[in-house]
Amino acid sequence: MENYTLLLVIMAIMIGVSGIAEKIKLPIPVLLLATGIAIGFLPSMPGIELNPEIIMLLFLPPLLYDAAFNISFREFRLNINTIGTLAIGLVFITTGGIAVVAYYLIPGMTWPLAFVLGAILSATDAVAAIGITKGLGLPHNTVTILEGESLVNDASALVAYRFAVAAVTGVAFVTWKALLQFVLVLGGGFVIGVVLAKMLGLVLRFFRTNDMVVICLMLLMPFVTYVVAEHFAVSGVIAVVTLGLGMSRLSRMKLPEALRHQSKHFWDVIIFLLNGLIFLLIGLQFPLVLKKMHEAEVWPYIGYAAIIAVAALGIRLVRVYLQQFNLQKAFLGKGKRRVSQHALFDSKTSFIITWSGMRGIVSLAIALGLPIVLQSGEPFPMRNEIIFLSIAVVLFSLLGQGLSLPWVVRKFSK
């Protein structure tokens, strides 16, 4: 009963804070984060330990599905070059870049542990990007790139993370096996997403006159798809995104307009609650992790987190501007493949894309999911420190970039 009451109080706070943020024109996720941190420091507040599996299963499937469902498939296809570059190439570059910074910056950090930290923080987050950029009036092309990147890059980060953790436990790294597994994980997720989207399409056509059944099936399927994909050890993220893209096309072509509107209103409420709750819970985690750190380590590690956050942003800045240059070359016929003029973007858009790349829910869930002990029975080295750094970087990213993003958009959209 106490947990039930606490959940109701947290939900009420989340709804109230979201309303206040709207009134005072602050990004809702940022104010929720700050509120969560403040509440977490209250002496009477019981600690809420998040289960990473629950986070990934409860929050990720509906949020990813909704984002994929609402993305423009045509613009996604037009910007596939940029989305692929940022969602796959940039993830591995960022993993390596953060690993180098962490190894030379943090005492006691080994190369395998540095790569674990790099993998945790390598991907930008769909929930953060959508939650903070919504309502800022960004061009559709820019929104598509941001959403498309953060929908796909979670799978790349999870693959990098698995191999980094394997290296910590002493498992040998074999390049061709890593590449093969990466292809199988992404390809398997895509196949499962396509198959389940086709199956759901057939079922929805059969029940198309029953609005409630159709809406409930569309709510249930992201969870089913994620669980099925993870059961077969492929990417649940890619499977859910593929399902969302497929159902978006089916909805526009086959479902009545009245049902689409009814479904949208229902999903808007669900996404509002989940979005708000996850940012409040991220804030609540910081005081808990802080208590597990030695007092003498807190300020040095906050400094390390700030440097890592800046390094990750710098790597992203260079890669996004390089992608802008490469697209210009390809458009002029100087590259291996030509691209459409609609796929091009200018320097101001490059900076907005860079500044919008925030870490969030996936980084938090991966960090909290670190093994407690190795196969040998020894404790996982520097586990608390890695979790602390991960949450601190997420907070620096969301609060720093999130608070300044509206100003950046106004300044660079002129």
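Details of the structure are given in the entry above.
Residues numbered from 1 in each chain as written. Predicted model: local features only at pLDDT ≥ 70, side-chain atom pairs only at ≥ 80, totals over all residues. Heavy atoms only, no water.

1. A look at empty space enclosed by the protein
Applying the stated rule across the entire model yields three cavities of 30 Å³ or more. In this model, the largest cavity occupies a volume close to 50 Å³. In terms of lining residues, the largest cavity is bounded by G40, M45, P46, G47, I48, L284, L288 and K291. Per-element tally for the lining of the largest cavity: the top contributor is helix α12 (residues 257–291), with three residues. When its residues are assigned to classes, the lining of the largest cavity shows five nonpolar, two polar and one charged. (1 Å grid on protein atoms, 1.4 Å probe; cavity = no way out; pocket = protein on both sides within 12 Å on 5 of 7 lines; lining within 4 Å. Points joined across faces, edges and corners; volume = space filled by probe spheres on them. Helix = DSSP H or I, 4+ residues; strand = E, 2+ residues; numbered from the N terminus. Nonpolar A, V, L, I, M, F, W, Y, C, P; charged D, E, K, R; others polar.)

2. Quick look at helix α15 (residues 361–368)
When you tally the buried positions in α15, you get eight out of eight residues, the bulk of the element. Among the residues of α15, I361, V362, S363, L364, A365, I366, A367 and L368 are the ones counted as buried. (Buried < 20%, exposed > 50% of the residue type's maximum accessible area, 1.4 Å probe, protein only.)

3. Here we look at the pattern of salt bridges
Scanning all chains against the criterion turns up two salt bridges. A salt bridge links R316 to E149; the shortest N-O distance between them is 2.7 Å. A residue pair is termed long-range when its members are at least 10 positions apart, and R316 in helix α13 (residues 295–331) and E149 in helix α8 (residues 140–168) qualify at 167 residues. Judged by its relative accessible area of 2%, E149 falls in the buried class. Here D268 makes a salt bridge to K264, at a shortest N to O gap of 3.1 Å. Placement of the pair is D268 and K264 together in helix α12, with a separation of four residues, close to one helical turn. The class for D268 is partly exposed, based on a relative accessible area of 36%. (Salt bridge = Lys/Arg side-chain N within 4 Å of Asp/Glu carboxyl O.)

4. Remarks on the environment of K134
Tracing the chain through its elements places K134 in the loop between α7 (126–133) and α8. Exposure remark for K134: the relative accessible area of 60% places this residue in the exposed category. With 191 residues separating them in the primary sequence, K134 and F325 have C-alpha atoms 27 Å apart.

5. Some words on the nonpolar core
I55, F59, I106, L117, I120, L370 and F388 are the most contacted members of the largest nonpolar core, which has 130 residues in total. Here this core gets 14 residues from one element, more than from any other, and that element is α12. Apart from residues no more than four positions distant in its own chain, I55 is found in contact with L50, L60, I278, I361, L364, A365 and L368. Counting 10 residues, the second largest nonpolar core, distinct from the first, contains F163, A178, V185 and I238. (Core = buried A, V, L, I, M, F, W, Y, C linked by side-chain atoms within 4.5 Å. Contact = heavy atoms within 4.5 Å.)

6. Focus: the packing of aromatic side chains
Per the counting criterion, the structure on display carries 10 aromatic pairs. Consider the rings of Y301 and Y304, whose centres lie 5.1 Å apart with planes at 75 degrees: the pair is edge-to-face. Placement of both Y301 and Y304 in helix α13 is noted, with a separation of three residues, approximately one turn of the helix. Residue class for Y301 comes out buried when judged on its relative accessible area of 6%. Residue class for Y304 comes out buried when judged on its relative accessible area of 15%. Between the aromatic rings of F351 and W355, the centroid separation amounts to 5.7 Å while the plane-to-plane angle is 15 degrees, which identifies the pairing as stacked. Here F351 pairs with W355, and both are found in helix α14 (residues 347–355), just four residues apart, close to one helical turn. For F351, a relative accessible area of 21% gives the class partly exposed. Cluster of aromatic residues (ring-pair linked, three or more members): Y103, Y104, W111 and F115. (Phe/Tyr/Trp six-rings, centres within 6.5 Å; stacked < 30°, edge-to-face > 60°.)

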